[in-house]
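Residues per chain are reported as follows:
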2 protein chains.
Amino acid sequence: VDGVDFSCKSFISSVWEFCKEDVDRVTFSLKVGLAVLIVSLLILCRDPYRVFGTNIIWSILTVAIMFEYTVGATFNRGFNRALGSLLAGVMAIAIAQIALSTGQVAEPIIIGFSIFIVGTVTSFMKLWPSLVPYEYGFRVMLFTYCLIIVSGYRMGSPFRTAMDRLYSIAIGGIVAVSVNLLIFPIWAGEQLHKELVNNFASVADALEECVRKYLQDDGSEQPEFTKTVMDDFPDEPAYRKCRSTLNSAAKFETLANSAKWEPPHGRFNHFFYPWSEYVKVGAVLRYCAYEVMAIHGVLHSEIQAPYNLRITFQKEIQEASSTAAELVRYLGQNIDNMQWSLKSCLLKRVHVSTERLQRAIDMHSYLLTSDNSSIPQTKLDHAMSSTLADLDPKLLEQNLDPPNQLPGSTVTLQVESYHETMRKQSRRQYSWPSREVDAFEDDRGFNKDSIPKMQALESTTNLSLATFTSLLIEFVARLNHLVEAVDELSNMAKFKHCNA
Amino acid sequence: VDGVDFSCKSFISSVWEFCKEDVDRVTFSLKVGLAVLIVSLLILCRDPYRVFGTNIIWSILTVAIMFEYTVGATFNRGFNRALGSLLAGVMAIAIAQIALSTGQVAEPIIIGFSIFIVGTVTSFMKLWPSLVPYEYGFRVMLFTYCLIIVSGYRMGSPFRTAMDRLYSIAIGGIVAVSVNLLIFPIWAGEQLHKELVNNFASVADALEECVRKYLQDDGSEQPEFTKTVMDDFPDEPAYRKCRSTLNSAAKFETLANSAKWEPPHGRFNHFFYPWSEYVKVGAVLRYCAYEVMAIHGVLHSEIQAPYNLRITFQKEIQEASSTAAELVRYLGQNIDNMQWSLKSCLLKRVHVSTERLQRAIDMHSYLLTSDNSSIPQTKLDHAMSSTLADLDPKLLEQNLDPPNQLPGSTVTLQVESYHETMRKQSRRQYSWPSREVDAFEDDRGFNKDSIPKMQALESTTNLSLATFTSLLIEFVARLNHLVEAVDELSNMAKFKHCNA
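What you see is a predicted model, and the numbers here were worked out from it, not measured in a lab.

Caption draft 1: The overall build of chain A, seen in detail. Looking only at helices and strands, chain A features 22 helices and two strands. By the burial criterion, 54% of the 500 residues in chain A qualify as buried. Within chain A, contacts between residues separated by at least 24 positions form 82% of all contacts whose residues are at least 6 apart in sequence. A total accessible area of about 21,900 Å² is found for chain A, and carbon and sulfur atoms account for 60% of it.

Structure (structure tokens):
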């Protein structure tokens, strides 16, 4: 009993969470209930029933099929249903009149043949790429045509049947649209707006999360690649959100399509609001998010730069990524507040920090190639222990000259751990061509060829850091397009311009 | 008249192309026509009409709503419709009996209230994430419940109304399923199989296309970034196909869900065929395709390695990418033929060519850092002019010693073009922080700081090549997971194992 009680409680609490997450869900459900209730009352009450008759049950069907989550989508479906029904009605009346005039024998043959043709043509048309959004309209057209012409054949007057059907559909449509529009309307435009703002935030979060993990990870705790992990990454919520951003193209399209059907409302108070511009900004943002995906790919790649090398550039990487994330967040907030103030200092900081990262990589590029024979060990040690805290180039040049200002013990420790990491890395390295390289590995001890190969791999692992940083730099480079896209959106959507 | 004639011709030819592309589309359309014709005959012919009555029009509705493209999807929809209708029928009868027993005044109130509750609950449930696939079933449940209880209220016997409705729905369902299953069935499983095989081919094509373009591009013809180009890349058909691969997750899920409803058929001739394994292989393939997206990102990135540097590693990059693409294609063919023969020589070639690329990068890593002060110019020139055609390490070491075996004129030409490219690159470089760096740029001529900055940028452009190659190497590293996934699929789906 306790178990049942517990699972019941957890069920209720999860339902409660689900509602609290988005109250619109409850609103929507209650609205559907209300709409079907209103239509049903037309039959349940005696007076309207006398007026409308049993045909009114078609209104119920219409409401149930037409009622969509957002106002725009309901309008869109309503348009599909109305146009589909109307076309079907007109066609059915025309064909029925022709069939009637041909006499009793030919009539059912003509009707049957026309049903076959309509079924085939509408099904074919809805597969046509540019007509796919109107799939529902074609479905409605097919069954309305069949219903009118068939019941018209049995009941005698196709015109009357068609009119009865059409006005009961119209009543259902009017009820669905009114309830959806007048009672706590859920606007597709509002959803699109929120979705875009959220996407900005999730890209920024994912970038920061990737960088943080990259700098934390010491290479030992990397979990084995398993199918469950692969598409999931349970410990990286921001990444998962960002990945869903990449798949949001279709959602954006759908919402923008629905939003175009909506009248001006709330904050979006002028006609021809540029909803399609939202889709474009979303696309540019996705273009940036691809770079985050690539960065995440390096984070989980088989070939990893040693931890100590990563930590060397910690400060620069962190600064570049956090200013970039800040800019992305700032853009998102601007859209959210429907204002546009390009803070030039923010942009400048992004560029300066990225340049600093580039310069740091340049200054220490010998670390990436790890041609150990030519680089003195002291230099390497120095670079490893200093975190390049203050990379003003002049300060740095001074720093480079006296290399022995650190206590020897620390240096030894650092070097040891560096080499240990390298060994770990190279072991991991060997594991990836797991099937075929065994032959090579076996004679590693005997053959002299194994040494250059080892070096090759070591250098490649170091270059992995270069990959990480250059992807980060590329992300920043792409931000310019994002700024431009948001700028264009702000102009077209007439955001409030402030100069900050 | 000629214009109309021409557009009519082009319309017909495009429809013809559309049909030829996939004959199943025509088959599907004709089948829908046939199914509605069969149901309509039940009303048009006198004898069945006498048996079934006007209720049979519900069968038409059922066919029009239930008929889906594939057998599995039709089964799935049919199941939704059947279960939804059945539950609704049972509920409606129960509630109607209760309402009847409460007397004339309370009856419509109870009925109205129950309609409201059913409308609210079904709408809420269909928003629940795990119930979203059954959205259609909830819709059916809602309107069937309303129709039965309302018309039952007006016509007196809810049980009889429910039964009439249910058996006419059953007739429609049986007709839809039989036509779909017995006449040229279109199997979701077959579609899923084809889709996966196509995805393998498109990833391989996209990889080769990216690499080809990277090695062709001399940096001058790069088109300006415009919004139209950004999400389109009209001159890269393989890339666009590959990108659609990334968005195919939902399609795979849908097809696999449908395929599970299908009986064994054709080549998939045993029960419990592992369709979900196809989804997993597709996910691993997508994991590899992300790497191709990243490679494509480098190809179109703002920061580009100079052309001459790229061409230096041409042979190694081309070999690594083409063997990797070959392996991917081979895996796809294996799935297509439903056999599994892991050609170890192919795998070995992939690993060897990738190792060769790594070694080449390692040997010439000084090119990537371009610390010009420490590297003698001759060395650079030599590396630029030689395409590293034969990178046997021993041969190469011999090569490095005599640097002046080339005619002087060629060297000068090469160096000149190299420097020109660098200038182009750096100009492009400067263009990206377009708004804010102007201040820096203005005093470029006067300030000494501009020189280290310039160097920093130059080295970053060179590192872009390192990024490209390490992404390529990472792609190869991920192929191992793909081989494993295909191996598992081959075991679970009982592919024919051959040893080659």
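Caption draft 2: Here's a closer look at the packing of helix 9 (residues 188–216) of chain B against helix 11 (residues 237–246) of chain B. All names here are of chain B. Taken N-terminus to C-terminus, the directions of helix 9 and helix 11 make an angle of 135°; their axes are 8 Å apart at the nearest point. Looking at the two axes, helix 9 sits oblique to helix 11. In the crossing of helix 9 with helix 11, the sense of the turn from one axis to the other is left-handed. Residue-level inspection shows Asn199, Ser202, Val203, Asp205, Ala206 and Glu209 of helix 9 in contact with helix 11, the latter providing Pro237, Ala238, Tyr239, Lys241, Cys242 and Thr245. The class makeup of the residues in the contact of helix 9 with helix 11 is six nonpolar, three polar and three charged.

Caption draft 3: Focus on the confidence of the model for chain A. All names here are of chain A. Residues of chain A with pLDDT of at least 70 account for 76%, and the chain-wide mean is 75. Note that residues 371–456 has pLDDT below 50 and, in this model, 111 contacts with residues that lie over four places away or in other chains. Reported for the predicted complex are a pTM of 0.73 and an ipTM of 0.72.

Caption draft 4: The arrangement of a nonpolar patch on the surface in detail. All names here are of chain A. Among the surface-exposed residues, Phe79, Leu83, Leu87, Tyr134 and Trp261 lie close enough to one another that they form a single nonpolar patch of about 450 Å² accessible area. Inspection of the secondary structure assignment puts Tyr134 in the loop between helix 6 (106–125) and helix 7 (135–155). We classify Tyr134 as partly exposed; its relative accessible area is 36%.

Caption draft 5: Here's a closer look at the pattern of salt bridges. Using the criterion set out here, one finds 34 salt bridges over all chains in the structure. Among the salt bridges present, the one from Arg359 of chain B reaches Glu355 of chain B, with a minimum N-O distance of 3.5 Å. Here the residue Arg359 of chain B and the residue Glu355 of chain B both occupy positions in helix 16 (residues 344–363), the gap between them amounting to four residues, near one helical turn. Bridged by salt links that share partners, the residues Glu68 and Arg77 of chain A together with Lys126, Glu135 and Arg139 of chain B form one connected network.

Caption draft 6: Layout of helix 13 (residues 275–299) of chain B. Its 25 residues place the ends of helix 13 of chain B 36 Å apart at the C-alpha level, agreeing with the 36 Å of an ideal helix rising 1.5 Å per residue. Helix 13 of chain B sits mainly inside the fold: 23 of its 25 residues count as buried.

Caption draft 7: View of unusual backbone geometry. Residue and element names in this part refer to chain A. Notably, Met338 is not glycine yet its phi reads approximately 55°, a positive angle. Position of Met338 relative to the elements: it lies in the loop between helix 15 (314–337) and strand 1 (339–340). On the basis of relative accessibility, which here comes to 13%, the residue Met338 falls in the buried class.

Caption draft 8: The environment of Leu255 of chain B, seen in detail. Residues and elements named next belong to chain B. Tracing the backbone through its elements, the reader meets Leu255 in helix 12 (residues 249–259). When the C-alpha positions of Leu255 and Val279 are compared, they lie 9.3 Å apart, and in sequence the two are 24 residues distant. Setting aside residues up to four positions removed in sequence, Leu255 forms contacts with Ala188, Gln191 and Leu192.

Caption draft 9: Here's a closer look at the packing of aromatic side chains. Residues and elements named next belong to chain A. Taken as a whole, this structure holds 23 aromatic pairs over all chains when the rule is applied. When the ring of Trp275 is compared with that of Tyr278, the centres are 5.3 Å apart and the planes differ by 40°; the resulting orientation is tilted. Within this pair, Trp275 and its partner Tyr278 are both found in helix 13 (residues 275–299), separated by three residues, close to a single helical turn. Accessibility classification places Trp275 together with Tyr278 in one group, the buried group.

Caption draft 10: Focus on the packing of helix 12 of chain B against helix 13 of chain B. All names here are of chain B. Packing of helix 12 against helix 13 leaves a shortest axis separation of 9 Å and a crossing angle of 170°. Relative to helix 13, helix 12 is oriented roughly antiparallel. Taking contact as the criterion, the partners of Ala249, Phe252, Glu253, Ala256 and Ala259 in helix 12 are, on helix 13, Trp275, Tyr278, Val279, Gly282 and Arg286. For the contact of helix 12 with helix 13, a count of residues per class yields seven nonpolar, one polar and two charged.

Caption draft 11: Quick peek at the nonpolar core. With 150 residues, the main nonpolar core has Phe200 of chain A together with Phe200 of chain B as its most contacted residues. Non-local contacts of Phe200 of chain B, meaning those with residues more than four positions away in its chain, are made with Val281, Leu285, Val328, Leu331, Gly332, Ile335, Leu482 and Val486 of chain B. Counting residues in hydrophobic clusters, the runner-up holds 90 residues, among them Tyr136 and Val140 of chain A together with Met66 and Ile111 of chain B.

Caption draft 12: Here's a closer look at helix 2 (residues 24–44) of chain A. Relative to the 30 Å expected for 21 residues at 1.5 Å per residue, helix 2 of chain A spans 29 Å between its end C-alpha atoms, a close match to the ideal helical length. For helix 2 of chain A, the tally of buried residues reaches 15 of 21 residues, placing the bulk of the element in the interior.

Caption draft 13: Main features of the environment of Leu181 of chain B. Residue and element names in this part refer to chain B. Mapped onto the secondary structure, Leu181 falls in helix 8 (residues 158–182). Leu181 gets classed as partly exposed once you look at its relative accessible area, which sits at 25%. Put simply, Leu181 and Gly72 are 109 residues apart on the chain and 9.3 Å apart in space, counted from C-alpha to C-alpha. Setting aside anything within four residues of it in sequence, one finds Leu181 in contact with Val71, Phe75 and Trp187.

Caption draft 14: Quick look at the side chain of Thr62 of chain A. Residue and element names in this part refer to chain A. As for its position among the elements, Thr62 is in helix 4 (residues 57–66). One polar contact links Thr62 to Arg81, side chain to side chain, over a distance of 3.3 Å. Excluding residues that lie within four positions of it along the chain, Thr62 makes contacts with Arg81, Ile169, Gly172 and Gly173.

Rules of the game
- For every chain, the first residue of its written sequence is number 1, and the numbers climb from 1 along that sequence.
- Just so you know, chain letters begin at A and ligand numbers begin at 1, following the order they were written in.
- With the structure being a predicted model, the display of local features is reserved for residues of pLDDT at least 70 and the display and counting of side-chain atom pairs for 80 or more, all residues being used for whole-chain, interface and lining totals.
- With hydrogens and water set aside, each side-chain value is computed from the structure's full complement of heavy atoms.
- Secondary structure counts use DSSP, requiring at least four H or I residues in a row for a helix and at least two E residues in a row for a strand, with both numbered from the N terminus.
- Classification of residues uses two cut-offs on accessible area relative to the type maximum, computed with a 1.4 Å probe and protein chains only: under 20% is buried, over 50% is exposed, and between them is partly exposed.
- In this analysis, two residues are considered to be in contact whenever any of their non-hydrogen atoms come within 4.5 Å of each other.
- Using the Shrake-Rupley algorithm and a 1.4 Å probe, accessible areas are obtained, with residue cover drawn only from the displayed protein chains.
- The axes are straight lines fitted to the C-alpha atoms, using for helices just the contacting stretch, and the angles between their N-to-C directions are given from 0 to 180°.
- Any angle from 65 to 115 degrees is called roughly perpendicular, while one under 35 is roughly parallel, one over 145 is roughly antiparallel, and all others are oblique.
- Left-handed is the label given to a crossing in which the near helix is rotated counterclockwise from the far helix by less than a right angle, and right-handed is the label when the rotation is clockwise.
- In the scheme used here, Gly and all other residues not listed as nonpolar or charged are polar, with Ala, Val, Leu, Ile, Met, Phe, Trp, Tyr, Cys and Pro taken as nonpolar and Asp, Glu, Lys and Arg as charged.
- Per-residue confidence from the predictor is given as pLDDT, running between 0 and 100.
- Nonpolar side chains (Val, Leu, Ile, Met, Phe, Trp, Tyr) are joined into patches within 5 Å and like charges within 9 Å, using only residues with over 30% relative accessible area and no salt bridge.
- For salt bridges, the criterion is a side-chain nitrogen of Lys or Arg within 4 Å of an Asp or Glu carboxyl oxygen.
- What a helix is expected to span follows from its residue count: subtract one and scale by 1.5 Å.
- Between the rings of Phe, Tyr and Trp (Trp by its six-membered ring), a pair exists once the centres lie within 6.5 Å; its type follows the angle of the planes, with under 30 degrees stacked, over 60 edge-to-face, and the other angles tilted.
- To form a nonpolar core, buried Ala, Val, Leu, Ile, Met, Phe, Trp, Tyr and Cys residues must be joined to one another through side-chain atoms within 4.5 Å.
- We define a polar contact as two N or O atoms separated by no more than 3.5 Å, with the added condition that, inside protein, one atom must be a possible hydrogen donor and the other a possible acceptor, whereas residues neighbouring each other in sequence contribute only through side-chain atom pairs.

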